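Observations on the model geometry
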Amino acid sequence: MKRTTWCALLIMMLSLTPVAFSNTDTGVEALYFYELGCPDCAFIEDVLADLRADYPEFTVTKHDIHAPMGRSLLQRLLSAYDADLGPVPMVFVGDVAMVGTMFYGLDDEPQAYRGPAQGIALERAVDRAVADDAPSPLTHLPDTATDLILFVRPGEPDSDQLEALATELVERFPQLGVQRLDITDPDNERTFSRLQRMHEAPGDPPALFVGDTALVDGKLYVGRQAPQTFAFTEDDRERLEAQITRAV
């Protein structure tokens, strides 16, 4: 691919707005991890809603722990905050991680707060983050060397399969970032079309792009090589991982 084409691709990728791993440019962001049917999550959601009313600059980004991207992000955050895996609800805000009833970074040592005290402790964490104008918890994550751009249609089996593969790749390659884009959004659909043309990779989503490699409509495109069928076998995964190793 010509140098000018790669420059155009780089500029476009840098302009993309991450969805699953998005950051916020203004205000203080909390990342909230929940599970449908979790009885304790309702209480924490009420606390967060009250705090949003108190602080207009405070935002909450929700992640379902059973969604592949949610699980992957959670694992990275727990490592970055030096926190142990525990039950939902979980909240990351400023320098504090709340995992179940355990708070990391709020006091000198990890401390458990239960019942109403848990809500008060979370309020303390948000109050501190707002006072310090703390950046998004995503800034605690290590820098990534390159991004994987993932286009999915939520709820479709093929999209779920590709998203699960992306989650595995992030776990295997810590320096690999992920931008998950919902193809039903018209802006994301246009971005997908541009990447398709640059990679000369026809077909329909779901799809992923990383480095000079594209996986679209069950075919793997690498540079100017002939496309190869991708059926999620071990050999297919090894071929893809080899290209990601080069990109990283």
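The structure this text deals with has already been given above.
A brief structural summary.

The rules behind these values
- Residues numbered from 1 in each chain as written.
- Predicted model: local features only at pLDDT ≥ 70, side-chain atom pairs only at ≥ 80, totals over all residues.
- Heavy atoms only, no water.
- Helix = DSSP H or I, 4+ residues; strand = E, 2+ residues; numbered from the N terminus.
- Buried < 20%, exposed > 50% of the residue type's maximum accessible area, 1.4 Å probe, protein only.
- Contact = heavy atoms within 4.5 Å.
- Areas by Shrake-Rupley, 256 points an atom, 1.4 Å probe, with all protein chains shown as cover.
- Patch = residues over 30% accessible without salt bridge, like charges linked within 9 Å, V, L, I, M, F, W, Y side chains within 5 Å.
- Salt bridge = Lys/Arg side-chain N within 4 Å of Asp/Glu carboxyl O.
- Lys, Arg positive; Asp, Glu negative; His and termini not counted.
- Charge placed at Lys NZ, Arg CZ, Asp CG, Glu CD.
- Axes fitted to C-alpha atoms, helices over the stretch in contact; angles between N-to-C directions.
- Left-handed = near helix turned anticlockwise from the far one by under 90°.
- Nonpolar A, V, L, I, M, F, W, Y, C, P; charged D, E, K, R; others polar.
- Pairing = 2+ DSSP bridges.

Take the overall build of the chain next. Check the secondary structure of the chain and you find seven helices and twelve strands. In the chain, which comprises 248 residues, the proportion classed as buried is 46%. Put simply, of all contacts in the chain between residues at least 6 apart along the chain, 60% involve residues at least 24 apart. Summed over its atoms, the accessible surface of the chain is roughly 12600 Å², and 49% of this surface lies on carbon and sulfur atoms.

Moving on: a negative patch on the surface. Side chains of Asp46, Asp50, Asp54, Glu123 and Asp127 sit close together on the surface and give a patch of like negative charge. Breaking the negative patch down by element, the ones donating at least two residues are helix 2 (39-54) and helix 4 (116-132). Of note, aspartate 127 is situated in helix 4. By relative accessible area, aspartate 127 is classed as partly exposed at 33%.

Here we take up the pattern of salt bridges. The tally for this structure, following the rule as stated, stands at eight salt bridges. A salt bridge links arginine 246 to aspartate 212; its shortest N-O distance comes to 3.9 Å. Here the residue arginine 246 occupies a position in helix 7 (residues 234-247), and aspartate 212 occupies one in the loop between strand 9 (207-210) and strand 10 (213-216), the gap between them amounting to 34 residues. The partner of arginine 239 in a salt bridge is aspartate 236, and the shortest N-O contact between them spans 2.3 Å. Here the residue arginine 239 and the residue aspartate 236 both occupy positions in helix 7, the gap between them amounting to three residues, near one helical turn. Given a relative accessible area of 28%, arginine 239 falls into the partly exposed group. For aspartate 236, a relative accessible area of 6% corresponds to the buried category.

What follows is about unusual backbone geometry. With an omega of 0°, the peptide bond between valine 88 and proline 89 qualifies as cis. Located in the positive-phi region is aspartate 133, a residue other than glycine, with phi close to 50°. You can see aspartate 133 is positioned in the loop between helix 4 and strand 7 (146-152). Given a relative accessible area of 55%, aspartate 133 falls into the exposed group. Here phenylalanine 232, not a glycine, exhibits a phi torsion of approximately 65°, which is positive. Residue position: phenylalanine 232 is located in the loop between strand 12 (228-229) and helix 7.

Moving on, we get to the packing of helix 2 against helix 4. Taken N-terminus to C-terminus, the directions of helix 2 and helix 4 make an angle of 35°; their axes are 10 Å apart at the nearest point. The handedness of the crossing between helix 2 and helix 4 comes out as right-handed. Counted together, Phe43, Ile44, Val47, Leu48 and Leu51 of helix 2 and Pro116, Gln118, Gly119, Leu122, Glu123, Val126 and Asp127 of helix 4 form the full contact between these two elements. A class-by-class count of the residues in the contact of helix 2 with helix 4 yields eight nonpolar, two polar and two charged.

A few words on the pairing of strand 10. A regular strand places its side chains so that they alternate between the two faces of the sheet. Here strand 10 shows a buried face lined by Thr213 and Leu215 and a second buried face lined by Ala214 and Val216. With four bridges joining them, strand 9 and strand 10 adopt antiparallel strand pairing. Following the sheet pairing, valine 210 is matched in strand 10 by threonine 213. Counting the residues that bridge the hairpin from strand 9 to strand 10 gives two residues, and of these glycine 211 lies at a positive phi of roughly 60°. Hairpin geometry of strand 10 and strand 11 (residues 219-222) is characterised by an intervening segment of two residues between the two adjacent antiparallel strands and by a positive phi of about 55° at aspartate 217.

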